[in-house]
Amino acid sequence: MENAEHKVIHILEVARTIDDSASFDGARSAEKQLKYLQLCNAIREGRPGFAVHLREFVVGIRGSLQFLRWALHLGALGMPTKLQKQVMTEAIQVTVEGSANVVTAWKKQLKSR
């Protein structure tokens, strides 16, 4: 996502994970930074004068997320606070519904055996 006026490029990483603290800790974020380092550097070379930022949006399969991290990243993308809360609520809802659908399908499969 590019903002030419502000000379910034945001790389968005959206992921689901398990709902434990290890999945949301700083070490995991550092792994993501390393994963995207080469891409960020290539973009910086190709777009001199532009800042490049990785924006991580991680939600747990039971709907947990790091509210402050999401708010920081959504705010950096220019999203108003009221809309941020709506986006986070919808992300939680969709994730929980998706997880429930997986469990339902798994149960149906077990019954058909």
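Everything discussed here concerns the structure shown above.
On a predicted model such as this, the values are computed, not experimentally measured, just so you know. (Residues numbered from 1 in each chain as written. Predicted model: local features only at pLDDT ≥ 70, side-chain atom pairs only at ≥ 80, totals over all residues. Heavy atoms only, no water.)

### Overview of the packing of helix α3 (residues 67-76) against helix α4 (residues 81-111)
Alright, step 1. For the pair α3 and α4, the least separation of the axes is 10 Å and the interaxial angle reads 125°. As judged from the angle between their axes, α3 and α4 are oblique. The chirality of how α3 crosses α4 is right-handed. For the pair α3 and α4, contact is made by F67, W70, A71, L74 and G75 and by Q84, V87, M88 and A91, respectively.
Alright, step 2. Tallied by class, residues from the contact of α3 with α4 come to seven nonpolar, two polar and no charged. (Axes fitted to C-alpha atoms, helices over the stretch in contact; angles between N-to-C directions. Helix = DSSP H or I, 4+ residues; strand = E, 2+ residues; numbered from the N terminus. Parallel < 35°, antiparallel > 145°, perpendicular 65-115°, else oblique. Left-handed = near helix turned anticlockwise from the far one by under 90°. Contact = heavy atoms within 4.5 Å. Nonpolar A, V, L, I, M, F, W, Y, C, P; charged D, E, K, R; others polar.)

### Overview of a nonpolar patch on the surface
Alright, step 1. Taken together, the side chains of M1, L12 and V14 make up a nonpolar region of the molecular surface, amounting to roughly 320 Å² of accessible area.
Alright, step 2. A relative accessible area of 42% places L12 in the partly exposed class. (Patch = residues over 30% accessible without salt bridge, like charges linked within 9 Å, V, L, I, M, F, W, Y side chains within 5 Å. Areas by Shrake-Rupley, 256 points an atom, 1.4 Å probe, with all protein chains shown as cover. Salt bridge = Lys/Arg side-chain N within 4 Å of Asp/Glu carboxyl O. Buried < 20%, exposed > 50% of the residue type's maximum accessible area, 1.4 Å probe, protein only.)

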